[in-house]
Amino acid sequence: KFATIIHPGARISRKAVVAEGSVIFPGVIVGTRTTIGRHVIANRGAMVGHHTSIGDFCSLMPGSNIAGACEVGEGTYVGMGSLVLDHKKVGAHSVIAAGSVVTKDVPANVQVQGVPARIVRTEIEGR
């Protein structure tokens, strides 16, 4: 079994689920009815909104904000200070660059960046 580590300075809704092997850093806020997958890293100050699903092996960097009713596929990297707006889907194994604002669904295996976020690379190397 893997340990699940939740810092006492994190705020996790009682109706949220954090799966095994995940690490939740100080200042993280996780809304109600949210699922955090296995082996997820939610770094300092990351926010995850209500009714959101974060897939296994995702990395949420400091200050990232995933709004309500979103779906983030497994193995996705959400860069520092980036924002995913309400009701958006981010495909598996994608990269959201730091400071980006995702205003549309993101397909799997791509890198997006900018405001609004646009695809800048397809078929991420090593994936």
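Peer 1: Which residues make up the sheet that holds strand β5 (residues 29–30), and what values go with them?
Peer 2: Sheet strands pair by backbone hydrogen bonding; their relative direction is either parallel or antiparallel. One open sheet accounts for 6 strands, arranged β2-β5-β8-β11-β14-β17; its pairing is parallel. Strands at the two margins of the open sheet, each flanked by one partner only, are β2 (11–12) and β17 (101–102). In this structure, strand β11 (residues 65–66) lies alongside strand β14 (residues 83–84), joined through 2 bridges in parallel fashion. Note that in β14 the partner of asparagine 65 across the bridge is leucine 83.

Peer 1: Just give me the short version of the side chain of serine 59, but keep the residues and values in it.
Peer 2: As for its placement among the helices and strands, serine 59 is situated in strand β10 (residues 59–60). A residue is classified by how much of its surface remains accessible, and serine 59, at 19% relative accessible area, is buried. Leaving out residues up to four positions away in the same chain, serine 59 has contacts with Ile41, Thr76, Tyr77 and Val78.

Peer 1: Describe in detail the pattern of salt bridges, supporting the description with residues and values.
Peer 2: Evaluation of the coordinates by the stated rule reveals 1 salt bridge. Between arginine 38 and aspartate 56 there is a salt bridge whose closest N-O contact spans 3.0 Å. Taken together, the residues arginine 38 in the loop between β6 (35–36) and β7 (41–42) and aspartate 56 in the loop between β9 (53–54) and β10 connect sequence positions 18 residues apart.

Peer 1: Tell me about the pairing of strand β19 (residues 118–122), and please be specific about residues and values.
Peer 2: Two elements, strand β18 (residues 110–113) and β19, share 4 bridges in a ladder whose sense is antiparallel. Among the inter-strand pairings, glutamine 113 is bridged to a residue of β19, identified as arginine 118. Taken together, β18 and the strand that follows it, β19, pair antiparallel across an intervening segment of 4 residues, in which glycine 114 is found at a positive phi of about 100°.

Peer 1: I'd like a description of the environment of aspartate 105, backed by residues and values.
Peer 2: With respect to the helices and strands, aspartate 105 occurs in the loop between β17 and β18. Residues aspartate 105 and methionine 61 lie 44 residues apart in sequence; the distance between their C-alpha atoms is 20 Å. Excluding its chain neighbours within four sequence positions, the residues that come into contact with aspartate 105 are His87, Lys88 and Lys89. Of note is the side chain of aspartate 105, whose polar atom sits 2.9 Å from the backbone nitrogen of lysine 89.

Peer 1: I'd like to hear about the pairing of β18, residue by residue, with values.
Peer 2: Examined bridge by bridge, strand β16 (residues 95–96) and β18 share 2 bridges and lie parallel to one another. Along β18, the bridge assignment pairs valine 95 with glutamine 111.

Peer 1: Hey, could you go over the nonpolar core for me, with residue numbers and the actual values?
Peer 2: With 26 residues, the main nonpolar core has Ile54 and Ile66 as its most contacted residues. With residues up to four places along the chain from it excluded, the contact list for isoleucine 54 reads Thr35, Ile36, Gly37, Val40, Val48, Ile66 and Val72.

Scoring rules and cut-offs
- Residues numbered from 1 in each chain as written.
- Predicted model: local features only at pLDDT ≥ 70, side-chain atom pairs only at ≥ 80, totals over all residues.
- Heavy atoms only, no water.
- Pairing = 2+ DSSP bridges.
- Helix = DSSP H or I, 4+ residues; strand = E, 2+ residues; numbered from the N terminus.
- Buried < 20%, exposed > 50% of the residue type's maximum accessible area, 1.4 Å probe, protein only.
- Contact = heavy atoms within 4.5 Å.
- Salt bridge = Lys/Arg side-chain N within 4 Å of Asp/Glu carboxyl O.
- Polar contact = N/O pair within 3.5 Å; in protein donor to acceptor, adjacent residues only side chain to side chain.
- Core = buried A, V, L, I, M, F, W, Y, C linked by side-chain atoms within 4.5 Å.

Just distances and angles here, no functional claims.
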